[in-house]
Every structure is written in structure tokens, then in C-alpha cells.
Amino acid sequence: MIADYHTHTSFSDDSKQDMEESILEAIRLGIDELCFTEHHDYLVKKASHLTDLPLYYQTLSNFKEKYKHRIRLKFGAEFGMQKHTINEYRADFACYPFDFILLSSHQVDDQEFWLNEYQEGKTQVEYNQGYYQAILDVITEYKDYSVLGHLDVIKRYDRQGILDDLKVEEIIKKVLKQVIADNRGLEVNTSSYRYNLPDLTPSRQILKWYLELGGKILTLGSDSHKKADLAEHFDKVTGILLDLGFESFCTYDHMVPTFHRLMTKEKESGLKSLEIVLE
Ligand SMILES: [Zn+2]
Ligand SMILES: [Zn+2]
């Protein structure tokens, strides 16, 4: 079963992808379930990156009905939350029947990572430490989410190279413990290959700590902003997760997770042919 739980369309300000074309491509690729996670980032000091939630909800509801016999479509959002914007998200979350919320950190103090605004003037350990601390501050207060999106995304924009997780182990483990205590999970974001990162997002080290600490809830997301990237590298990543010791991944319906067995395509088709033989 393929379920891509992180995808953007033109409802997000950094994508031009038409939603219906994306749905048709997902059907063509054999994706069973597709959860849209349009960007929703409130910024206080500058222009926010917000999705038109009423229009998005209406459009997706129409497509959900139109394609209901061909694919399961889910209503999600990627909340790029900061501690000082929590109340805005609480208000939005209360207004819509979300299936799934990816909780991400794209800015700290309204400063963007991808523009190096946040990192500027800090040491590498300082901005990494500050980034995880900001996530911990948010999840200590805010619980209406499903999984943390691309947990170590700050590595993607680090002009000094990638910091060893061991240097910020304590704060990362605090984040993981909070996630687990709240029965929330992590996303494995397969765009790590698109960005030529040397590891998964989050890294194998973080995923190992998560598993050791008792973490079980995982989703897979391509973070695609165009249809060509849907469900990319899912099979490879599934194999790696199985090697690390994970057994399942989750899909969501009205914020409630359902667990499915992680299975590579090879294993899945092996089981299917076995079923045919047994019949
Ligand atoms: Zn993101
Ligand atoms: Zn995203």
C-alpha cells in the first residue's frame, strides 16, 4: 500500500501544481492514498504564507467525491508553527475537519531558514540547538497535530555542512520524548534524495533514538511541489525503515491514525502471488 502524506499544490504559495492533475498522476502511479498538506505559515513581522482554507477545503471535497472509487484523498495541512503564532493555528484547526496535520518548523523568530536569516550571526551548534528548542516549545503547548514534518530540516539549509546529531542529542531526545508522550509521531520526508542529502530526513540516528525511546508512529511523505515527485523513493525508504527495526507506518482519518505493515514492493507482490496460489 502506498500512502503519500506530504504533498503541495497551487494552494501553497511555493507550488504551481494543479490539484486535479496531481490526483490523476497519483492514480496512474498506483498510489492508494494521497494526503494534501498545503502550507500554512503565519509570520508576524512579514507576509504570511497562508492557504485559502475555505477554497482548499471545498475544492478537495469535490475531488474526493469525484475520484472516490479510484483513490482515497485526505484533507491535511502543513502548519509551519512558531511559539508566538500558536493561537492562530488553534483558531484554524477548530474551523475545519482536518484528517492530518503536519507540524513543521520553517522559521524561528519569523526568520526563514532557507534564506539563512535565522542562522546568520549564530554558531552552528547555537542555531541547531535553537531550532530544536523552538520545536519543543511549540509541542509542549500545542497538541493538535499528527506528526512532526521533516524533523531535522535545518540541515537542508546549513551552509556550514551537516552538524552531527550527537552534538545536540539532549535537545533532540527531549523533542522525541514529548512526541511519544503525546502519542504523536514523525514523518519520514523522502525529499532528502531530491536535495542530495547524505541521510534520510530525519536522519537514521534520530530515527534510531525515536525507536529506542518507544516511538512507533511514522508517516511517509514526498513533500512534492510538482506531480513528478509524488511518492518518490518510497520503496527504498521503506526498506531502510525495516532494516532500522520499524514495522509499520500510519494513515489518518479525522486525526486518528491507522497502522499498516511496512512492506517493500517485492515483499508485497510475493505475498499477493502466494495468495493466488493458495486460492
Ligand atoms: Zn515543510
Ligand atoms: Zn511541505
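Residues numbered from 1 in each chain as written. Chains lettered and ligands numbered in written order. Predicted model: local features only at pLDDT ≥ 70, side-chain atom pairs only at ≥ 80, totals over all residues.

Peer 1: Help me understand the overall build of the chain in this model?
Peer 2: Scanning the chain from N- to C-terminus turns up 8 helices and 11 strands. Relative to a compact globule of 279 residues, whose C-alpha radius of gyration would be 19 Å, the chain shows 18 Å and is just as compact. Each principal axis of the C-alpha atoms in the chain carries an extent, and together these give about 65 × 40 × 35 Å. Buried positions account for 41% of the 279 residues belonging to the chain. Within the chain, counting contacts between residues at least 6 apart in sequence, those at least 24 apart form 77% of the total. (Helix = DSSP H or I, 4+ residues; strand = E, 2+ residues; numbered from the N terminus. Rg over C-alpha atoms; globule rule 2.2 N^0.38 Å. Buried ≥ 20, exposed ≤ 12 C-beta atoms within 10 Å, placed from the backbone. Contact = placed C-beta atoms within 7 Å.)

Peer 1: Can you help me understand the sheet that holds strand β3 (residues 72-80) in this one?
Peer 2: In a beta sheet, neighbouring strands pair by backbone hydrogen bonds and run either parallel or antiparallel. In spatial order, the strands read β1-β2-β3-β4-β7-β8-β9; together these 7 strands make up an open sheet with parallel pairing. In this open sheet, the two edge strands, each paired with only one partner strand, are β1 (3-7) and β9 (218-221). As paired strands, β1 and strand β2 (residues 33-40) are joined by 3 bridges and run parallel to one another. If you follow Ala3 over to β2, its bridge partner there is Glu33. Sitting on the sheet, helix α2 (residues 53-66) touches β2 and β3, and the angle it makes with β3 is about 160°. (Pairing = 2+ DSSP bridges. Axes fitted to C-alpha atoms, helices over the stretch in contact; angles between N-to-C directions.)

Peer 1: For this particular structure, what's the right way to read helix α6 (residues 204-212)?
Peer 2: The set of residues buried in α6 consists of Ile206, Leu207 and Tyr210. For α6, the angular spread of buried residues about the axis comes to 100°, placing them on one side. If you follow the buried residues of α6, they end up packed against α5 (169-181), β8 (185-189) and α7 (234-244). Following α6 by one or two positions, Gly214 has its phi on the positive side, about 105°. (Arc of directions from axis to C-beta.)

Peer 1: Quick question: what am I supposed to make of the environment of Ser203 here?
Peer 2: Structurally, the position occupied by Ser203 is in the loop between β8 and α6. It is 27 Å that separates the C-alpha atoms of Ser203 and Tyr42, two residues lying 161 residues apart in sequence. Filtering out sequence-adjacent residues up to four positions away, Ser203 remains in contact with Asp152 and Asp165.

Peer 1: Where do I start with the nonpolar core in this structure?
Peer 2: One recurring pattern in soluble globular proteins is that nonpolar side chains are buried together. Counting residues in hydrophobic clusters, the biggest one holds 61 residues, and the most contacted among them are Phe79, Ile101 and Leu186. Per-element tally for this core: the top contributor is helix α4 (residues 124-141), with 6 residues. Beyond its immediate sequence surroundings of up to four residues, Ile101 is in contact with Gly76, Ala77, Phe79, Asp144, Tyr145 and Ser146. (Core = buried A, V, L, I, M, F, W, Y, C linked by C-beta atoms within 7 Å.)

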